Amino acid sequence: METTPTDGKRRDFLTLVTLAAGGAGAAAFAWPFLDSLRPADSGAARAPVDVDVSKLPPGQQITVVWHGSPVFITHRTPQALARLRDPALAARLRDPTSRALQQPPYADNWHRSIVPDYGVVVGICTHLGCVPAYAPAPDPATPVANWPGGYACPCHGSKFDLAGRVFIGAPAPYNLPVPPYSMAGPTTIRLGQNPPGTSFDFAAIQQI
């Protein structure tokens, strides 16, 4: 089958997926670097992106570049989900019930996603646009008391839980945004397309 230049460009774009196995420094770089990877504004670049998460182990994360932005897709463990529902954690968060518009209506819930097992957030700190590092497990060495697992911004110290909710006292004013997406199958996440019968304009979020 002959491959067109447009097909090649889209395939190159879809291969910008990197495993982030939990290393604290894996994403400690400024957003302008990732922005330089953004393809030209074309139909191929703006098309929905399907991500197969069938081989993503619990507790691990991948980062996908979508519309020039890094999107964190996390397979959350049962232990992590239990921590997200802990009232003690909610008391430490600035917006635990996601009152600020930082997610679609179908992700306006305690796990901020369509299905609890898979978290999907735009990985850009809402303070000054740095990319937070993935720190999924409770760790006494983390410079936050009773760290429940989540994201830590290496630039100015903002902290978010594994649903992308920001901690009280962090310089970031909002939770991490949730992009429009749907489940094309039990283990296929389709970035950029809302579920049937729903609508959400990503431009309507408070801040990215």
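Since this is a predicted model, take the numbers as computed values, not measurements.

## Some points on the pattern of salt bridges
- Inspection of the entire model under this criterion finds 3 salt bridges.
- Across the pair Asp108 and Arg99 runs a salt bridge, and its minimum N-O distance is 3.2 Å.
- According to the relative accessible area criterion, Asp108 is partly exposed, its value standing at 35%.
- Here Arg99 falls in the exposed class, since its relative accessible area comes to 59%.

## What about the confidence of the model for the protein chain?
- Looking at the protein chain as a whole, the pLDDT averages 79, with 74% of positions reaching at least 70.
- Here strand E1 (residues 17-20) is the element of the protein chain with the lowest mean pLDDT, 34, and strand E10 (residues 188-191) is the one with the highest, 97.
- In this model, residues 1-44 is a region of pLDDT below 50 whose contacts with residues beyond four sequence positions or in other chains number 59 contacts.

## Details of the pairing of strand E5 (residues 118-122)
- With 5 of its 5 residues buried, E5 lies for the most part within the structure.
- Pairing of strand E4 (residues 69-75) with E5, which is carried by 5 bridges, proceeds in the antiparallel orientation. If you follow Ile73 over to E5, its bridge partner there is Val120.

## Details of the side chain of Ser98
- Position of Ser98 among the secondary structure elements: in the loop between helix H5 (87-90) and E5.
- Separated by 3.2 Å, the side chains of Ser98 and Arg112 make a polar contact.
- Excluding its chain neighbours within four sequence positions, the residues that come into contact with Ser98 are Gln103, Asp108, Arg112 and Asn175.

## Remarks on the side chain of Gln102
- Mapping Gln102 onto the fold places it in the loop between H5 and E5.
- Excluding residues that lie within four positions of it along the chain, Gln102 makes contacts with Arg112, Thr126, Tyr174, Asn175, Leu176, Pro177, Val178, Ile205, Gln206 and Gln207.

About the cut-offs
- Residues numbered from 1 in each chain as written.
- Predicted model: local features only at pLDDT ≥ 70, side-chain atom pairs only at ≥ 80, totals over all residues.
- Heavy atoms only, no water.
- Salt bridge = Lys/Arg side-chain N within 4 Å of Asp/Glu carboxyl O.
- Buried < 20%, exposed > 50% of the residue type's maximum accessible area, 1.4 Å probe, protein only.
- pLDDT = per-residue confidence, 0-100.
- Helix = DSSP H or I, 4+ residues; strand = E, 2+ residues; numbered from the N terminus.
- Contact = heavy atoms within 4.5 Å.
- Pairing = 2+ DSSP bridges.
- Polar contact = N/O pair within 3.5 Å; in protein donor to acceptor, adjacent residues only side chain to side chain.

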